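A structural walkthrough
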Amino acid sequence: MGEQVMEKGYMPWEALLQEFGIRSVGTHKVFFQRFQEGIENLEFLYRSIYGDLSEFEDVFEELLKSIIVAYLEREQDLKKRDKAKEKQGNWFLSNHLVGMSLYVDRFAGNLSGVRKKLDYFEELGVNFLHLMPLFESPEGESDGGYAVSNFRKVDPRFGDLKDLIELRKNIHAQGMNLMLDIVLNHTSHRHSWAEKAKSGNKHYQDYFYMYDNRWIPNQYEAAMPEIFPESSPGNFTWCEECQKWVMTVFHHYQWDLNYRNPHVLREMLDNVFFYANLGVDLLRIDAPAFIWKETGTSSQNLPQAHQLLQLIKQAVHIATPGMVLLGEAIVAPDAIMEYFGKGDRAGKECDFAYNATQMALQWDMLATGDTRVMLQAQPIIGQKPFGTSWISYIRCHDDIGLGYDDYMIAQAGKDPYQHRSYLKDYFSGKFPGSPAIGALFSSNPKTGDARISGSLASLCGLEQALLTQGSDKIQESIQKILLMESFSMFLGGLPMLYYGDELGYLNDYSFLKDPSKSYDNRWMHRPKIDWDKAAQRDQEGTVENRVFSGIQKLIKIRKSLPAIADLNNISWIQPHNIHVAGFLRQTENQKVFVIGNYSNQASYLTWYAFKEFGFTPASLFDHWTGDSIPVGPDHDYLILEPYGFRILEVKD
Ligand code: GLC
């Protein structure tokens, strides 16, 4: 049978296109060209993953049909949008874009509630909305929506598909963009595929990693780390209904999909296209590091995971090119870089990755007042291929992992073990005198690893300052918040604010009373927005007002400076003072220095630091304070107040 199929081969792609009425001339000419340009790569990637399968030809043809159908089903207005983006070229690198991630229900009740808040985003300057998972997910076993039981049905808590489409249309009409998630690695155990697998259906059992006994699971376990060691230890769960072990890398109710099965890829690619055709501008691929498993390895970041992502990218580029991809790979620094594609594949995988290394190092600098570990990471971060970009952030719905390498700590002259212990103690508030109030997440006594939960404001000391210490400390913590946001806003990439942070939200401890959340302290930084409290942003001098207007101002400045577009044009200032981090962003017509003091004391930076880039500025205009500052002689200093920062444009 296999040989027969091989002889038959699959239909030549031109003939296949013709079956759908697509030719090299006429209405679909441009699609035809994209198909022609991409088919070889597509086949190469597909063959690298599935080439050994006897059914290779059939499944590949099915995949091509999915691509064609996705294109044909794409609405005219989205095709127009695709064209406009292509014309603009690298549209997503722009300094005009600023994003926010939010939970629809906790932000505004439901989807129509969010629609009514579009003016709020406009007021702040946000024009890229990441709506956290919206598709059906069982109450109590939802992982914040990342355990999906139906990829195409909006969870009734948020509204329905019509509400989502209406919101998207409003978002686009206001000149904004939409980002949604696809949870590629797993489904809820309540997804119909999982339900059928439970009831003994072999076809669907092959969608998952299922085993009759512990023989293979034990081989996997030997090399796989645990993701949620406290709440969901191990990587397999016993399924009583079908009497099998099923792979569950995250929670026991999240079943890992088996991409060795080509039908899984095709079905999930159809879901990718479903989101594309809803009008998504940026698709966040959840947990891509995990999508291929192999015994004897950590089952993370494997070559096949990258091939699958490249294949998805190529397919999306052919069918729905206006949608770009974000790989949510929160892994070691050099492993993150691989999600952009490597070598001759650079720029051919994900368009975006999270700059998780920089995010964690921002927290490192804040806790230590020392910028040296952060600087050690820059040679790696700086390798991002041109035309790709970062999601730049300091907080999101997840924990903060200290995932950068030990050698970076060691090269900065510190002991990695002690350094990490200090950071954990500092942010969990255990270290004497620490202003932070946070908590450790997923502590693993076997490895000593732990990550950090807590809201931006509470980790910056605002919660403690409000409780005990009065106005100086309140001001200091607001200054820290703005310092952290300023780096995120100007470093390069699409800054993604996290809802509530713009109003200085503190930790929310109500999750402890809810049994469906109490096992997961990430809920302490997933607040419910109180719109009466939010209204205080208009009242001069309130915390809400000071944080909101500060972030609003940073956004305005970002949008006014073309050099801040993500053109891979960053150079770090030499470390003349370990407390001060600074970088230059430059284009042919503009040069901007951003400087930040991570110490709780005033810091001095020699003016010489501004003269090491092949030019000597005479004066600098500070967009933050509005002052023009003459550049002094080398033996003199720019003085920065505690946690102060400057956004300095070179004037001549
Ligand atoms: C991603 C999400 C996280 C979730 C996990 C499993 O890392 O950001 O919230 O728990 O994937 O889906």
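Residues numbered from 1 in each chain as written. Predicted model: local features only at pLDDT ≥ 70, side-chain atom pairs only at ≥ 80, totals over all residues. Heavy atoms only, no water.

1. A look at the sheet that holds strand β8 (residues 236-239)
Selection rule: At least two bridges found by DSSP between two strands is the condition for calling them paired. A run of H or I in DSSP becomes a helix once it reaches four residues, and a run of E becomes a strand once it reaches two; helices and strands are each numbered from the N terminus.
In spatial order, the strands read β7-β9-β8; together these 3 strands make up an open sheet with antiparallel pairing. Of all the strands in the sheet, the pair left with one neighbour each is β7 (210-211) and β8. Direction of pairing for β8 relative to strand β9 (residues 244-247): antiparallel, over a ladder of 4 bridges. Bridging across to β9, Phe-236 finds its partner in Met-247.

2. Points about the domain arrangement of the chain
Filter applied, for reference: An automatic or database domain assignment is the source of the domain bounds shown.
Partitioning the chain into structural domains gives domain 1 (186-256) and domain 2 (567-650). Placing a centre on the C-alpha atoms of domain 1 and another on those of domain 2 gives a separation of 53 Å.

3. Quick word on helix α5 (residues 76-88)
This is how it is decided: To estimate how far a helix should reach, multiply one less than its number of residues by 1.5 Å. The classification of residues rests on relative accessible area computed with a 1.4 Å probe and restricted to protein chains. Under 20% of the type maximum is buried, over 50% is exposed, and intermediate values are partly exposed. Summarising the geometry, the arc corresponds to the directions from the helix axis toward the C-beta atoms. Any pair of residues with heavy atoms lying within 4.5 Å of one another is described as a contacting pair.
Taking 1.5 Å per residue, 13 residues should reach 18 Å; α5 reaches 19 Å between its end C-alpha atoms and fits that length. Leu-78, Lys-79, Asp-82 and Lys-85 are the residues of α5 that are buried. End-on, the buried residues of α5 take up no more than an arc of 120 degrees, which puts them together on one face. Turned more than 90 degrees away from the buried face of α5 sit Gln-76, Lys-80, Lys-83, Lys-87 and Gln-88, all of them exposed. Structurally, α5 contributes buried residues whose contacts are with α4 (56-73), α9 (161-173) and α13 (262-276). Positive backbone phi, at 70 degrees, marks Gly-89, one or two positions downstream of α5.

4. Section: unusual backbone geometry
Phi is positive for Asn-301, which is not a glycine, with a value near 55 degrees. Looking at the secondary structure, you find Asn-301 in the loop between β11 (282-286) and α14 (303-319). By relative accessible area, Asn-301 is classed as partly exposed at 22%. For Tyr-643, which is not glycine, the phi torsion reads 55 degrees and is therefore positive. Along the chain, Tyr-643 falls in the loop between β24 (637-640) and β25 (645-650). The exposure class of Tyr-643 is buried, given its relative accessible area of 4%.

5. Topic: the sheet that holds strand β12 (residues 324-327)
To keep things clear, this is the line we draw: Here an angle of 0 to 180 degrees is reported between the N-to-C directions of two axes, which are lines fitted to C-alpha atoms, with helices fitted over the stretch in contact.
With parallel pairing, 8 strands are arranged side by side around a closed barrel as β1-β2-β5-β11-β12-β13-β14-β17. Averaged over neighbouring strand pairs, the angle between their axes works out to 25 degrees when direction is ignored. With 3 bridges connecting them, strand β2 (residues 128-131) and strand β5 (residues 177-183) associate as parallel partners. Its bridge partner being in β5, Phe-128 is matched across the sheet by Asn-177. The strands touched by α9 are β2 and β5; relative to β5, the strand with the most contacts, the crossing angle is about 140 degrees. Along the sheet face, α13 touches β5 and β11 and points at about 165 degrees away from the line of β5.

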